[in-house]
Amino acid sequence: MRVSENLNAALHTVLERDPGMHLLGEDVLDPYGGAFGVTRGLSTRFPDRVLTTPISENAMTGVAAGLALAGDGAVVEIMFGDFVTLAFDQLVNFAAKSVSMYGSRVPMRMVVRCPVGGGRGYGPTHSQSPQKHLVGVPHLALYEVSPFRDNAEVFAEMLAREEPCVLFEDKVLYTRPMGEVEPPFTLRQDGPVARIGLTDEPDCVIVAGGGVAHRVLEAMRGLLLEEEIVCTLLVPSRLYPVELDLPPARHVFVVEEGTAGGTWGAEVARVVHERHWQDLARPVTLIHSADSVIPTAPHLEREVLVGASAVHRVIRETLRG
Amino acid sequence: MTVTATSAREHAPPPLEEPADEDLSLLLSVRAFELKLLELFGQGMLNGTTHTCLGQEYVPVALRPLLRPEDHVFSNHRGHGHYLARFQDYEGLLAEIMGRRGAVCGGVGGSQHIRRDRFLSTGVQGESLPVACGVALHLRRAEPGALACVHIGDGTFGEGGVYEALNLAALWRLPLLVVVENNGIAQTTPVSASMAGTVAGRAAAFGIDHVHTDSVDLGVIRRLLAPRIERVREGRPLVVEFATHRLGPHSKGDDTRPAEVIERARAADWYGRYAALCPERFARLDARARAHIDEVARDVAGREPS
């Protein structure tokens, strides 16, 4: 099953199990089913709860917050995650704050889905990874789709939090298969964190979101074969708040596609430093895209976005000098 | 459709109808509450800022019998009157503003972030309209006949979220009542410098009904709005525009208006006009309201922190 099909099945489950849940977004109705086909079939099955909206990210997010406030719930699809900036006020100043600013806890069951990432030539305003812009907002939890965790489980967890969540979905994942890890690596699920590796005592640990996991795995294979460097990859389903239990390792890397500056990885590093400082040979190494807009032309885009070769190079240089 | 119920400005306003004791007491209590806040600020007893609704108290008082308990009310930064008209909870609100025991939101929200039952205020302009659309969508499906009422000001029309929400309300036939308190000024910026066109024109652009009134007469306002609000309940959104007057500053010490403008606001104030209409009853109820608010303030100020 492909990741987009798994997401689609998860949304069917969410709307089927909870008669108060709604789905809102641009062009989400059948037969189109959203810009990436993730909402296909939903409007036919649940016509009164799947609503196509005008191009109004602010309003659709506010409507979701209103539904949540009234005891229903909503999943919002932002067509391209770049446009979540247009919903920033509703997310940060209303939905997330409402959980606690009225003195007692207000349950807010809503998920904002954001297709993110580059590699498809969509250019500077349709290729970003805006995770970092939403890190550190009280009562706003951030999740990222990975091929290693069933999205029905992810949705159940997000909605059970009763606070707004943003789900980042790297667009390059949509056509990839769920759950596949090629030998010699094996996949182990530690609750919401997927752990992929060879041994319990690796040379280094890599933390990465689901969107770049396959790039990291490619680098891990090369490092193993060419350098005999053994890595363990951790893919947390929830990006923020950061909650990670690392296996013992002297070297820790965080890989993300977001561009340099104020990154998610910096927040992961803060947590790892607090918990594991005495075990580390050096501070956590951050691997991310360049400090740049994301160009459209493929050769320029490749120069900016983090890829397997950059991960390979940084890890080799860090461990081998 | 635009309806205007207006007294010709060049003539003296029509005589007011005698208000019921209950209405007049509520008006006077909200006025006394807001004046007390300014007094407490002057004494350095309040933290942060506050926005009083002096001059605009009659708007939520007029709407009060037209709204039902199952209706949601969304308020804004200038929301004390909206809250008090719904709950008459002077202690809870003052305790919230002062951060004392009994605060309706534990002192976290303060003056402009209040939630109780189906009342909610928040401090960012234009933010509540899309949220109210979401609540209205829920109501249309789960509790037909109930509506979501949102108070906004003339300045709020600068925010894009207002138009996104009006568009949705019309498209989805939501039971949404938008109450525009057009006091002609946003903090210090007159509406002439912030709004091209009119509120009526903006409602018309979405095919949303609009009704305008410059009356402060509770009876007149209620008769004008009652049948129209019933239509909102059937899924026909409505913009009600009150041409009103802000007597005081936006918050405190930021009133830059010329004296004659403030004087015009005073002349239009319901307070003097109701006082002239029924002086003895007015004086009696006013004294009682002020004494009550004095007592509330003494009580709340003496409480421990929330």
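Residues numbered from 1 in each chain as written. Chains lettered and ligands numbered in written order. Predicted model: local features only at pLDDT ≥ 70, side-chain atom pairs only at ≥ 80, totals over all residues.

For chain B, the name recorded in an unreviewed UniProt entry is Thiamine pyrophosphate-dependent dehydrogenase E1 component subunit alpha, with Streptomyces fragilis as its organism.

Our working rule: UniProt positions are given in the numbering used here, feature names are shortened, and annotations may be inferred rather than shown by experiment.
Per an unreviewed UniProt entry, chain A goes by the name Transketolase C-terminal domain-containing protein and belongs to Streptomyces fragilis. The record in UniProt for chain A states the following under Cofactor (unreviewed entry): "thiamine diphosphate".

1. Side note on the overall build of chain B
The cut-off we apply is this: Only DSSP runs of H or I with at least four residues qualify as helices, and only runs of E with at least two residues qualify as strands; both kinds are numbered from the N terminus onward. Computation of the radius of gyration draws on C-alpha atoms alone. For the globule rule, the value is 2.2 Å times the number of residues to the power 0.38. To assign burial, the other C-beta atoms lying within 10 Å of each residue's own C-beta are counted, with C-beta atoms placed from the backbone; 20 or more indicates buried, 12 or fewer indicates exposed, and intermediate counts indicate partly exposed. Contact between residues is assigned whenever the C-beta positions, reconstructed from backbone atoms, fall within 7 Å.
A count of helices and strands for chain B gives 12 helices and 10 strands. Compactness check: chain B gives a C-alpha radius of gyration of 19 Å against a globular reference of 19 Å for 306 residues, within 12% of the reference. Overall, the C-alpha framework of chain B stretches about 50 × 45 × 35 Å when taken along its three principal axes. The buried share of chain B, reckoned over its 306 residues, is 50%. Once local pairs closer than 6 in sequence are excluded, the contacts in chain B between residues at least 24 apart make up 76%.

2. With respect to the domain arrangement of chain A
Residue and element names in this part refer to chain A. Put simply, the test is: Domain delimitation follows an automatic or database domain assignment. The nonpolar class holds Ala, Val, Leu, Ile, Met, Phe, Trp, Tyr, Cys and Pro. Asp, Glu, Lys and Arg form the charged class, and all remaining residues, Gly among them, are polar.
Domain parsing of chain A yields domain 1 (3-173) and domain 2 (186-320). Counting only elements with at least two residues in the side of domain 1 that touches domain 2, the list comes to strand S5 (141-144) and helix H5 (151-161). The element contributing the most residues to the side of domain 1 that touches domain 2 is S5, with 4 residues. Counted by class, the side of domain 1 that touches domain 2 contains 11 nonpolar, 10 polar and 5 charged residues.

3. Re the interface of chain B and chain A
Taken together, the contacts link 24 residues of chain B with 23 residues of chain A. For the side of chain B that touches chain A, the element with the most residues is helix H5 (residues 128-142) of chain B, which contributes 9 residues. In terms of residue class, the side of chain B that touches chain A is built from 11 nonpolar, 9 polar and 4 charged.

4. With respect to the sheet that holds strand S11 (residues 238-240) of chain A
Residues and elements named next belong to chain A. Going by this rule: DSSP bridges decide pairing: two strands pair if at least two such bridges lie between them. Only the stretch in contact is used when fitting a helix axis, every axis being a line fitted to C-alpha atoms; angles between N-to-C directions are given from 0 to 180 degrees.
Within the open sheet, the 7 strands sit side by side as S2-S1-S3-S4-S6-S5-S11. Their pairing is mixed. Lying at the two open borders of the sheet, with one neighbouring strand each, are strand S2 (50-52) and S11. Ignoring strand direction, the axes of neighbouring strands in this sheet form an average angle of 25°. Bridging between S5 and strand S6 (residues 165-170) involves 4 bridges; their strand directions are parallel. Bridge pairing in S6 links Leu142 to Val166. On the sheet, helix H1 (residues 3-17) packs against strand S1 (21-25), strand S3 (73-77) and S6 and is oriented at approximately 135° with respect to S1. Helix-sheet contacts for H5 involve S3, strand S4 (110-116), S5 and S6, and the interaxial angle to S5 is about 175°.

5. Some points on the UniProt feature "domain: Transketolase-like pyrimidine-binding" (unreviewed entry) in chain A
UniProt annotation of "domain: Transketolase-like pyrimidine-binding" (unreviewed entry) refers to residues 1-176 of chain A when read in the numbering used here. With 31% helix and 17% strand, the stretch residues 1-176 of chain A has end C-alpha atoms that lie 8 Å from each other.

6. Some remarks on the pairing of S1(A)
Residue and element names in this part refer to chain A. The buried fraction of S1 is high, at 5 of 5 residues. In S1, alternate side chains face the same way, and those of Met21, Leu23 and Gly25 on one face and His22 and Leu24 on the other are all buried. Pairing analysis gives 5 bridges linking S1 to S3, with the strands arranged parallel. Considered in S3, the bridge of Gly25 is made with Glu77.

7. Topic: the pairing of strand S13 (residues 285-289) of chain A
Residues and elements named next belong to chain A. We count it as follows: Looking down the strands as they point away from the viewer, one classifies a crossover as right-handed if the path from the first strand across the helix to the second runs clockwise.
When strand S12 (residues 251-259) meets S13, the two strands line up parallel, connected through 4 bridges. In the strand pairing of S13, Val254 is matched with Leu286. What joins S12 to S13 is helix H7 (residues 264-276), and the crossover it makes is right-handed.

8. A look at the UniProt feature "domain: Dehydrogenase E1 component" (unreviewed entry) in chain B
When the UniProt feature table is mapped onto this chain, "domain: Dehydrogenase E1 component" (unreviewed entry) is found at residues 31-271 of chain B. Secondary structure across residues 31-271 of chain B divides into 42% helix and 15% strand, with the first and last C-alpha atoms of the span separated by 9 Å.

9. Some words on helix H4 (residues 88-98) of chain A
Of all 11 residues making up H4(A), 8 are buried, and the element is well covered by its neighbours. Regarding H4(A), the residues found buried are A:Asp89, A:Gln90, A:Leu91, A:Phe94, A:Ala95, A:Ala96, A:Lys97 and A:Ser98. Here the buried face of H4(A) lies against helix H3 (57-69) and S4 of chain A together with H5 of chain B.

10. Structural notes on the packing of helix H4 (residues 90-98) of chain B against helix H12 (residues 279-301) of chain B
All names here are of chain B. To keep it simple, the criterion reads: An angle below 35 degrees is treated as roughly parallel, one above 145 as roughly antiparallel, one from 65 to 115 as roughly perpendicular, and anything else as oblique. Put simply, a crossing is left-handed when the front helix is turned counterclockwise from the back one by less than a right angle, and right-handed when it is turned clockwise.
At a closest axis distance of 10 Å, the pairing of H4 and H12 adopts a crossing angle of 45°. By the angle class used here, H4 and H12 are oblique. Note that H4 runs across H12; the crossing there is right-handed. For the pair H4 and H12, the contacting residues are Tyr90, Glu91, Leu94, Ala95 and Met98 in the first and Ile293, Val296, Ala297, Asp299, Val300 and Ala301 in the second. Its residues assigned to classes, the contact of H4 with H12 comprises 9 nonpolar, no polar and 2 charged.

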